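Understanding the architecture of this molecule
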Amino acid sequence: MCRRAFGDDVQVNSVVELGWGVYNKTYRVDIGQPREVVLRVAPAPARQLRTEREFMRNEYASIPYFASVASLLPRTLAVDFTHQLIDRDYLFQTLLNGIPAPDGLAAYPRPEWAQFFRQLGTIARTIHDVRGDRFGRVAGPTFATWTEALVDYFTEIAADLNDLGLDADDAHQAADAAARHRAILDEITEPRLLHGDLWTLNVMVEPGASEPTATGVCDCDRVWWGDPRADWVIYRAHRRPGTERDAFWETYGQPVNTPESELRWLIYRARHALALRLNYHQMGSADEIPGTYDEVAGILAKLA
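None of these values were measured; they are calculated from a predicted model. (Residues numbered from 1 in each chain as written. Predicted model: local features only at pLDDT ≥ 70, side-chain atom pairs only at ≥ 80, totals over all residues. Heavy atoms only, no water.)

Observations regarding the overall build of the protein chain
Looking only at helices and strands, the protein chain has eleven helices and twelve strands in total. Viewed in the frame of its principal axes, the protein chain has a C-alpha envelope of about 65 × 45 × 40 Å. Scored against the burial criterion, the 304 residues of the protein chain give a buried share of 50%. Here the contacts in the protein chain between residues at least 6 apart in sequence split such that 71% fall between residues at least 24 apart. Carbon together with sulfur atoms contributes 49% to the accessible area of the protein chain, which is approximately 14200 Å² in total. Seen as two clouds, the 32 positive and the 43 negative side-chain charges of the protein chain have centres 1 Å apart. (Helix = DSSP H or I, 4+ residues; strand = E, 2+ residues; numbered from the N terminus. Buried < 20%, exposed > 50% of the residue type's maximum accessible area, 1.4 Å probe, protein only. Contact = heavy atoms within 4.5 Å. Areas by Shrake-Rupley, 256 points an atom, 1.4 Å probe, with all protein chains shown as cover. Lys, Arg positive; Asp, Glu negative; His and termini not counted. Charge placed at Lys NZ, Arg CZ, Asp CG, Glu CD.)

Quick notes on the packing of aromatic side chains
Within this structure, the stated rule accounts for 16 aromatic pairs. A centroid spacing of 5.3 Å and a plane angle of 20 degrees characterise the contact between Phe248 and Tyr252, whose relative ring orientation is stacked. One end of the pair, Phe248, and the other, Tyr252, are both in helix 9 (residues 248-252), four residues apart, so they sit about a helical turn from each other. Assigned by exposure class, Phe248 and Tyr252 land together as buried. (Phe/Tyr/Trp six-rings, centres within 6.5 Å; stacked < 30°, edge-to-face > 60°.)

Some points on the packing of helix 6 (residues 169-180) against helix 11 (residues 289-303)
Relative placement of two packed helices is described by the angle separating their axes and the distance separating the axes. It is at 10 Å that the axes of helix 6 and helix 11 come closest, and there the two elements cross at 30 degrees. In terms of axis orientation, helix 6 runs roughly parallel to helix 11. Considering how the two elements wind past one another, helix 6 and helix 11 form a crossing that is left-handed. Judged by residue contacts, Asp170, Gln173, Ala174, Ala177 and Arg180 of helix 6 engage Tyr293, Val296, Leu300 and Leu303 from helix 11. (Axes fitted to C-alpha atoms, helices over the stretch in contact; angles between N-to-C directions. Parallel < 35°, antiparallel > 145°, perpendicular 65-115°, else oblique. Left-handed = near helix turned anticlockwise from the far one by under 90°.)

Comments concerning the sheet that holds strand 1 (residues 14-18)
Within a sheet, neighbouring strands are paired by backbone hydrogen bonds and run either parallel or antiparallel to one another. Taking strand neighbours across the sheet as the criterion, the five strands line up as 1-2-3-5-4 in an open arrangement whose pairing is antiparallel. Each having just a single partner strand, strand 1 and strand 4 (76-80) make up the two edges of the open sheet. Taking the axes of each pair of neighbouring strands and ignoring which way they run, one obtains an average angle of 20 degrees across the sheet. Strand direction decides the pairing type here: strand 3 (residues 37-41) and strand 5 (residues 90-94), joined by five bridges, are antiparallel. The partner of Arg40 across the bridge, within strand 5, is Leu91. (Pairing = 2+ DSSP bridges.)

Topic: the sheet that holds strand 9 (residues 192-194)
Read across the open sheet, the four strands follow the order 8-7-12-9; overall the sheet is antiparallel. Strands with a single pairing partner mark the edges of an open sheet, and in this sheet they are strand 8 (142-143) and strand 9. With two bridges joining them, strand 7 (residues 135-137) and strand 12 (residues 224-226) adopt antiparallel strand pairing. Each bridged residue has a counterpart across the sheet, and for Arg137 the counterpart in strand 12 is Trp224.

Topic: the packing of helix 6 against helix 10 (residues 259-283)
Between helix 6 and helix 10, the shortest axis-to-axis distance is 11 Å and the interhelical angle comes to 155 degrees. Taken as axis vectors, helix 6 and helix 10 run roughly antiparallel relative to one another. In this structure, helix 6 crosses over helix 10, and the sense of that crossing is left-handed. Contact with helix 6, carried on its side by Asp170, Ala171, Ala174, Ala177 and Ala178, involves Ile267, Leu274 and Arg277 of helix 10 and no other residues of that element. A breakdown of the residues in the contact of helix 6 with helix 10 according to their chemical character gives six nonpolar, no polar and two charged. (Nonpolar A, V, L, I, M, F, W, Y, C, P; charged D, E, K, R; others polar.)

Overview of the pattern of salt bridges
Enumeration according to the criterion identifies 25 salt bridges in this entry. One salt bridge connects Arg50 with Asp160, and the closest N-O pair in it is separated by 3.5 Å. In this pair, Arg50 is assigned in the loop between strand 3 and helix 2 (55-62) and Asp160 in helix 5 (residues 146-163), connecting sequence segments 110 residues apart. You can call Asp160 buried: its relative accessible area is 1%. (Salt bridge = Lys/Arg side-chain N within 4 Å of Asp/Glu carboxyl O.)

Shape is all these values report; function is a separate question.
So this is what it looks like as structure tokens:
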């Protein structure tokens, strides 16, 4: 793989697997250059769920749309989707400076974390300012309306949950609710770029800096086009109000709340809760799964 990417004379000195994420296998590779590179290997096609299908190709397709934050992203050095060497997609990227924010923030008193969340707000706003012309994943499928994109997601995740032996009735009900509230959802007519997984684990910070300082953003494979309020970073920023997370809104801007936007927010929360259910199952966190059923049930009751 290294020879295909960097030439027959490449010297592979070491390969170390990194424990980040639950989807791709990620390795730090020393190829005898001044800086190590990162190798990311996707799951075999047969192991990819419907809602995670060809994530690596989705991320690769999104690179031109992240131009406004390109300085924070790893550069792609080589890509191979041929499956000639292994039965998986893989790519090489530059190694980002810094350490994952959950580790880096631990070195600062908690009140100082506010500075990090201000930076995160700026990054999220910059990404959300990028406009598209269709809804859905960057690499497709895409949809003419926001409702179609959401109904498709709920339908796909219901099938994934069923395949894993988990009850998915509430996912089907969420799809029905989205279709029922089509008129309000389709007030969103301009797709915006959504990172899909932007939060502390996927942001790097500079170790030893005088204050928390973001140096990079990674794992853009869940990128899609939609309503900015539906993005994962917005969902996470709303959690634990009254903490340092509130600083996020100082740079991102306060959301405008209307009856219509609040209804859309309920549907977005259902989407995130279902995604978390899937994630908990993949991580073996079975004790967290029942809470997702309670959350979606409460949301569906409000949407009835």
